[in-house]
Amino acid sequence: MTRLAAMLATFRGIVLGLCLGAMAAPVAGVAQAVQDAPAQNAQPAPPTVPPPAQARPPATTAPGTAALPTSAEGQPADLDLVAWEETANRTETALGEPTTTDASLDLLRAQMVDWREAFLVAQNTNSARIATLRQQIAALGPVPAEGQTEAVEIAARRAELGDQLNRLQAPGIAAEEAYRRADGLIREIDRVLRERQTDELLELLPSPINPANWPAAYGAMRAGVASIVREISIRTTLPAAREQLVDNLPAIVLLLALALVLIWRGRHVIEALIQRLMQQSSVRGLRIWALVLSLGQIVIPTFGVIALSVALLLSGMLGITGTVVADTLPVLGLVVFTIHWLGGRLFPKGEELHLLRLSVERRAEGRFLTTLYGLLLGLDGLRGAILEHQTLSEAARSVLGFPTLALAALLLYRMGRLLKLHAASEIAADEEASYGNRLVGLLGRGAIAIAVVGPVLGGLGYIAAASAVIYPAASSLGLLGLLVIVQVLVRDIYVLLTRSEDNGKNALVPVLIGFALVLASVPLFALLWGARVADLSELWNRSREGFQFGETRISPTNFLVFAVLFTVGLLATRLFQGALKGTILPRTRLDQGARNALTAGVGYTGILIAALIAINSAGIDLSGLAIVAGGLSLGIGFGMQNIVSNFVSGIILLIERPVSEGDWIEVGGAQGIVKSISVRSTRIQTFDRTDVIVPNTDLVAGKVTNWTRFSLSGRLIVPIGVAFGTDTRKVERILREIAEAQPMTLMNPPPLVALMGFGPDSMNFEIRVIIRDVNFSLAVRTEINHQIVERFAAEGVEIPFAQSEITIRNANEIAAMLRETRQAAAATSPAAGPGAALPMRPDMMPGEGLVPQAGLSGGYGTHPEDKT
C-alpha cells in the first residue's frame, strides 16, 4: 500500500496539471485552489555548488571557507565547507534520534548525495597542474641522501615546487576527506532505513481472523466515508462553493458525459477496430498495428477517469479527503485498465498468436483473473485514499488489509495453476521440455507456494510480511507478461523490416534485444520486491565510481571507453583488410598464399594496436597486473601448452608459408586442399568433400607432403601386366607411344617404361611420366588405361587374369571307395541304376557322394574316372 500511495502522489500533480491547465479561467482558479499545499509540506532545497568563479588566493578567502580553485577541466571547485559542516552535523544528530522519520532521513540522504557528488568532482581539482609539478620535481633528480649536499639553485627550486605542490594538493585532500564523511553518512542512513524496513515487515499485528478485531476496522472505514459526507455537507452551505458549482455546471455535465462514454464504450470501440483490422490479412505488420491500436483500451478509458476526476474537482463540493480521492482516481484507473489490457494480450479471445498454450475456457479464466486483480488494486488504492488522513489502530490496519490480501492470494493461486497447465501442455506436445517451458512451470509452482504461505502469514497477524510476498509476486508475473509482449513486438518489427517471416522468427537480433530488455527490467523487479530508489541509485553511483584493483580504479565508464575505441579500431582494421585484399594486393606480383598471409598479419597487428590504444585511452593501468600475470604464466604454460604451441605454429605458417591456402597436401594420413589457416588450426577439405581440422603443430613439427606448393608438376606411375609369352619389346614400344601421346606429359625428362619383374600370373610393367599439373593426375591415369586396353586389343597383347587348377592326388582310392558304396546301395535298392546319384545320409556333408567328373579339372560329377 505504501508503494501504491507513493506512485499515486507522484502522478497526482501531472494529471491535474494536464487536465486543469486546459480549462477556462474559472477552472484554472479552482485548480490553483486545489493544488495549494500546506506550508509544512515544503522541503528545504538541497545544497548547491556555487557558480563558477575565478581562482582566488587563500588570503582573500572568507573565514571558514576553503577555496578550491577552478580545476584544469574548467569545472567549478569552490565549495562552502561551512554549509557542509552544518549539514553533516545535522545529519549525524538526526541519525542519533530514534524519532526521526523516514521522510526526513530520505531528505538528508539526498543532500548528502549532492555533497558527495560535488566532493567527487573536487577531488580532481588541479590534477593536470599537479601532474606537471610532479614531473618537474622528478626532473630535478632524486633527493640527496643524508650527509650529501645539493646545489643551492636546485635545492631552492625543489623547495619552491614542493610548496606549490602542497598548496595545489590541499583542496583535493580536503575534498577527499569530506567525500569519505559524506559517503559514510549515506551508508549509515541506508542501514537505519533498512533496519526500519525489516522491523516493519516483521511487525506482528492482531489477528485479522479474530472477530474481536472487526469492529475497529468497521469503525475506521465508516469514519472515513463519514468524513467525505461531512465535508460535502459543509461545502454545500458555503455560498462561494455553491456559486462555483453553478458556474462550472455546464463543464461538469460535459465532463461527466464524456467520462461515461469513454469508460463505458471506449474499450468496445477499440476491440471492434482491432477485429476489423485482423480481418485484413493483406496489411503488412498486422500484429504490430493491432498492438498499437489496442493501447487505446488503456488511454481512452483513462481519459474518461481523468474527466471524472476533473468534474469532481470543478464542483467545489469536495473537502480534503474528497480531493485526495479525486486526485487518486486517474492513477487507479490507469492501473486497472493497464492490467485489463495486459490480460487481454496474454489471454486473447480470438485464434491469433497465443503466448500461452491454453484452451479457450482457460484463456477466459486468465482474462477474468487479471481484470479482477486490477480491480482489487484499484479498490485497495481507493481505501487508502479515503483513510489517508486517519490514524488507524493496529487491529483496524490488520483487518482492513487482510481481505484484499486473501483475495489477491487466491487470484495468484489460480494464475499459478494456469501456468502449470501451459507447462503440462507443452510437455505433452514435445518429448523434451524447453528451457522456457521449465521456467514457466517453475514460476507457476512458485506462485502457488506464495499464494498458500501469504494468507497464513496474514492470518497470524504478519500483514506487512504477507503483503511483501503476495503483491510483488503477482506484479512480477504481470511484468514478465509485459516483457513477453514487448519481445513479440520486437520480433514482429524485425520481421517487418527484414521481410522474412521464417528467418526473422529465428533470428539472433530479436533475442539479443529481448535479453537487453530483461536486464533493463531488473531494477523494476527490485522496486516491486521492496528495494528503494535510493538503493538503486546508490548501486549505480558505486558502479560509476568503479572498484579499486591495485593502483588502478576500474569503472563502467572505462569499460565503455574501451569497448567503443576497440570497436572503432577493429572496424578500421577490417576495412583496411578488405581494401588490402580486394584492391591493393591483387595488383601486386604476390601469390595467393602471400596475400592471405599478409592480410592475416595485418588483421592481428591491427587488433593488437586497437587493444593497446583502447586500454591506454580508458586509463587502465596494466602495470599492476604484471605480478599477477607472472604468477599465472606458469599455470598457463602447463594448462595451455597445446593451445600456445598451435598459436605459435600458426604464426610460423603465416610467416614461412610452407603451406598456403589452395595447396594439395598430405598430413597424418589425410590429404586434400587447404581451405583456411588460422592461428590455432588449419582446415583441409578432402577429395570426399569432408573437412579435416589439423592442429598447426602437426604441420610444423610433423611430416607434410605438399604436392603443389613449389611446383605443380609431378610423377605419375601406371602399372600394367601382360601374359607370359608376350614380346616384351613390343609391349615397351606400345606403352612408350601411349605415354608420349598424352598432352599433359613432359618430354624432359622423357617418359620411362620399365619391366619391373615377373608375377605369379603376369609380367609387370610400369609407365612413369612427369605431368605438368598433378591436379590432373587422375584424368591422365584414366586416359592412359583406356588407350592401353585399345592398343593391346589391336596389337594382340593379352592382359592376363588369375586362374587356379585343382588336382586330386588320391583319386584312385576315392573312386574305389565310391564304387563299393554304389554297389552296396544297388544291392539294397533295385531302383538305383548305374548312373544314379548316391543317396544322401543325414550325417553327410555337402559334396559327399560326388565323384570327380571325367575331363573337368576340379569339377565334380557322378563318374569315378581319375583326373591327375
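Scroll up for the structure.
As the structure is a computational prediction, the values presented were derived from the model and not from experiment.

**Remarks on the pattern of salt bridges**
- The full count for this structure, using the stated rule, is 30 salt bridges.
- In this structure, Arg116 and Asp183 form a salt bridge, with 2.8 Å as the shortest nitrogen-oxygen distance. Separated by 67 residues along the polypeptide, Arg116 in helix 4 (residues 102-122) and Asp183 in helix 6 (residues 152-201) bring together distant segments of the chain.
- Its relative accessible area of 9% is what places Asp183 among the buried residues.

**Notes on the packing of helix 3 (residues 81-96) against helix 6**
- One can describe the packing of helix 3 onto helix 6 by two numbers: an axis separation of 11 Å at closest approach and a directional angle of 25 degrees. Here helix 3 lies roughly parallel to helix 6, going by the angle between them. Like other packed secondary-structure pairs, helix 3 and helix 6 cross with a definite hand, here left-handed. Between helix 3 and helix 6, the residues in contact are Trp84, Glu85, Ala88, Asn89, Thr91, Glu92 and Leu95 and Ala178, Arg181, Ala182, Leu185, Glu188, Ile189 and Val192, respectively.

**So, the sheet that holds strand 10 (residues 763-771)**
- Overall, antiparallel pairing links the 3 strands, which are arranged 8-10-9 in an open sheet. Bordering the open sheet on either side are strand 8 (714-722) and strand 9 (752-758), each of which pairs with just one other strand. The mean angle between the axes of side-by-side strands here comes to 25 degrees, regardless of whether they run parallel or antiparallel.
- Taken together, the 9 bridges between strand 8 and strand 10 define a ladder with antiparallel strand orientation. Bridge pairing in strand 10 links Pro719 to Glu766.
- The sheet contacts of helix 26 (residues 728-740) involve strand 8, strand 9 and strand 10, and relative to strand 10 the element is tilted by about 25 degrees.
- Each of strand 8 and strand 10 touches helix 27 (residues 777-795); the most contacted strand, strand 8, lies at about 25 degrees to it.

**Remarks on the nonpolar core**
- Counting residues in hydrophobic clusters, the biggest one holds 35 residues, and the most contacted among them are Phe347, Tyr373 and Leu412.
- Elements with a minimum of two residues in this core: helix 12 (320-346), helix 13 (360-386), helix 14 (394-429), helix 15 (435-460) and helix 16 (463-498).
- Top element by residues in this core is helix 14. It accounts for 9 residues.
- Aside from chain neighbours lying at most four places away, what touches Tyr373 is Ile339, Ala408, Leu411, Tyr471, Ala474 and Ser475.
- Counting 22 residues, the second-largest nonpolar core is a separate cluster that includes Ala88, Ala175, Ala182 and Ile186.

How each quantity is defined
Residues numbered from 1 in each chain as written. Predicted model: local features only at pLDDT ≥ 70, side-chain atom pairs only at ≥ 80, totals over all residues. Heavy atoms only, no water. Salt bridge = Lys/Arg side-chain N within 4 Å of Asp/Glu carboxyl O. Helix = DSSP H or I, 4+ residues; strand = E, 2+ residues; numbered from the N terminus. Buried < 20%, exposed > 50% of the residue type's maximum accessible area, 1.4 Å probe, protein only. Axes fitted to C-alpha atoms, helices over the stretch in contact; angles between N-to-C directions. Parallel < 35°, antiparallel > 145°, perpendicular 65-115°, else oblique. Left-handed = near helix turned anticlockwise from the far one by under 90°. Contact = heavy atoms within 4.5 Å. Pairing = 2+ DSSP bridges. Core = buried A, V, L, I, M, F, W, Y, C linked by side-chain atoms within 4.5 Å.

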